[in-house]
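# Per-entry structural report
Spelled out from the first residue to the last, the chains are:
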Amino acid sequence: MEVPPLLKSLIADGVWPSTPKESFALTMTIGRERVRAMAPEAHRIALYTPPFFTVWQRSASNPFWNSAEGAPDGLDPKRALVIGDFGIGSDAPIVLDGRVGAPPPSVVRLRWGKVHNEWVEMTSSFPKFTMQLGLCR
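The following refers to the structure shown.

Conventions we followed
Residues numbered from 1 in each chain as written. Predicted model: local features only at pLDDT ≥ 70, side-chain atom pairs only at ≥ 80, totals over all residues. Heavy atoms only, no water. Helix = DSSP H or I, 4+ residues; strand = E, 2+ residues; numbered from the N terminus. Buried < 20%, exposed > 50% of the residue type's maximum accessible area, 1.4 Å probe, protein only. Contact = heavy atoms within 4.5 Å. Areas by Shrake-Rupley, 256 points an atom, 1.4 Å probe, with all protein chains shown as cover. Lys, Arg positive; Asp, Glu negative; His and termini not counted. Charge placed at Lys NZ, Arg CZ, Asp CG, Glu CD. Arc of directions from axis to C-beta. Salt bridge = Lys/Arg side-chain N within 4 Å of Asp/Glu carboxyl O. Pairing = 2+ DSSP bridges. Phe/Tyr/Trp six-rings, centres within 6.5 Å; stacked < 30°, edge-to-face > 60°. Lys NZ or Arg CZ within 6 Å of the ring centre and 35° of its normal.

## A look at the overall build of the protein
Regarding its fold elements, the protein presents five helices and six strands. Counting helices and strands in the order they occur from the N terminus, the protein gives α-α-α-β-β-α-β-β-β-β-α. Projected onto the principal axes, the alpha-carbon positions of the protein cover approximately 35 × 30 × 30 Å. Taking all 137 residues of the protein together, 45% fall into the buried category. Here the contacts in the protein between residues at least 6 apart in sequence split such that 51% fall between residues at least 24 apart. For the protein, the computed accessible surface area is about 7600 Å², with 55% contributed by carbon and sulfur atoms. A gap of 5 Å separates the mean positions of the 15 positive and 13 negative side-chain charges of the protein.

In C-alpha cells:
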C-alpha cells in the first residue's frame, strides 16, 4: 500500500512528525479528549514517522501480527499501513485500511476484547482522522 498524498503533504509541511523527537512532542500536544473521541479507552496517541510499513511487512519480523492477538483475519495485511498506536508500549496499533472502497483509506485500530481482539473503524477516511486530531481543517 502506498502512503496517501495527504500524509506525504503533512510530513513535508511539518505537521506530521518526521523524527521520533517530533513524534513525542506531537503526542504530548494532542488532547486526551480528541483521542477518546476515536478510542474511548485510550489516553494518548503516538503517530509513527516514515518509513511506514504494511502489516504484511511487519509480520515478517514480529509474530504479534500473525497471532490471534493481532486479529490477522480482520485486515488485508498488504493493504494495511501502520501509522501509529496509543503510546509507548502500546499493543493497540492504528492502521490505514486500504480494503474499503476507493482512496482515501479508512483508519482502524486494534481493540482488545475479553474473548478476541478486532479491528474497528476510528474514522471513515484519513482526512477525517487528521481533522479529528486537529492536524488539518
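Let us keep going from here.
## Focus: helix 2 (residues 20-29)
All of the buried residues along helix 2 are S23, L26 and T27. Seen from one end, helix 2 has its buried residues packed into an arc of 105°, which puts them on one side. Facing away from the buried surface of helix 2 by more than 90 degrees, the exposed residues are K21 and T29.

## Overview of the pattern of salt bridges
Per the counting criterion, the structure on display carries three salt bridges. With a shortest N-O distance of 2.5 Å, R111 and E118 are connected by a salt bridge. Residue classification places R111 among the partly exposed positions, given a relative accessible area of 31%. Residue classification places E118 among the partly exposed positions, given a relative accessible area of 32%.

## Some details on the pairing of strand 5 (residues 106-111)
With five of six residues buried, strand 5 is to be regarded as a mostly interior element. As defined by bridge partners, strand 4 (residues 94-97) adjoins strand 5 across four bridges and the pair is classed as antiparallel. Within strand 5, the residue paired with V95 across the bridge is V108. As judged from the five bridges shared by strand 5 and strand 6 (residues 118-123), these two strands associate in the antiparallel manner.

## Thoughts on the packing of aromatic side chains
Counted under the stated rule, the structure contains four aromatic pairs. Aromatic side chains F64 and W65 sit 5.4 Å apart centroid to centroid with 80° between the ring planes, which places their arrangement in the edge-to-face category. A relative accessible area of 19% means that F64 is categorised as buried. Judged by its relative accessible area of 5%, W65 is buried. Ring geometry for W65 versus W119: centroids 6.4 Å apart, planes at 10°, classification stacked. With W65 in the loop between helix 4 (55-59) and strand 3 (80-85) and W119 in strand 6, this pair connects stretches of sequence that are 54 residues apart. Note on accessibility: W65 and W119 belong to one class, buried. In this structure, K78 is placed above the aromatic ring of W56, and the distance from its NZ or CZ to the ring centre is 4.8 Å.

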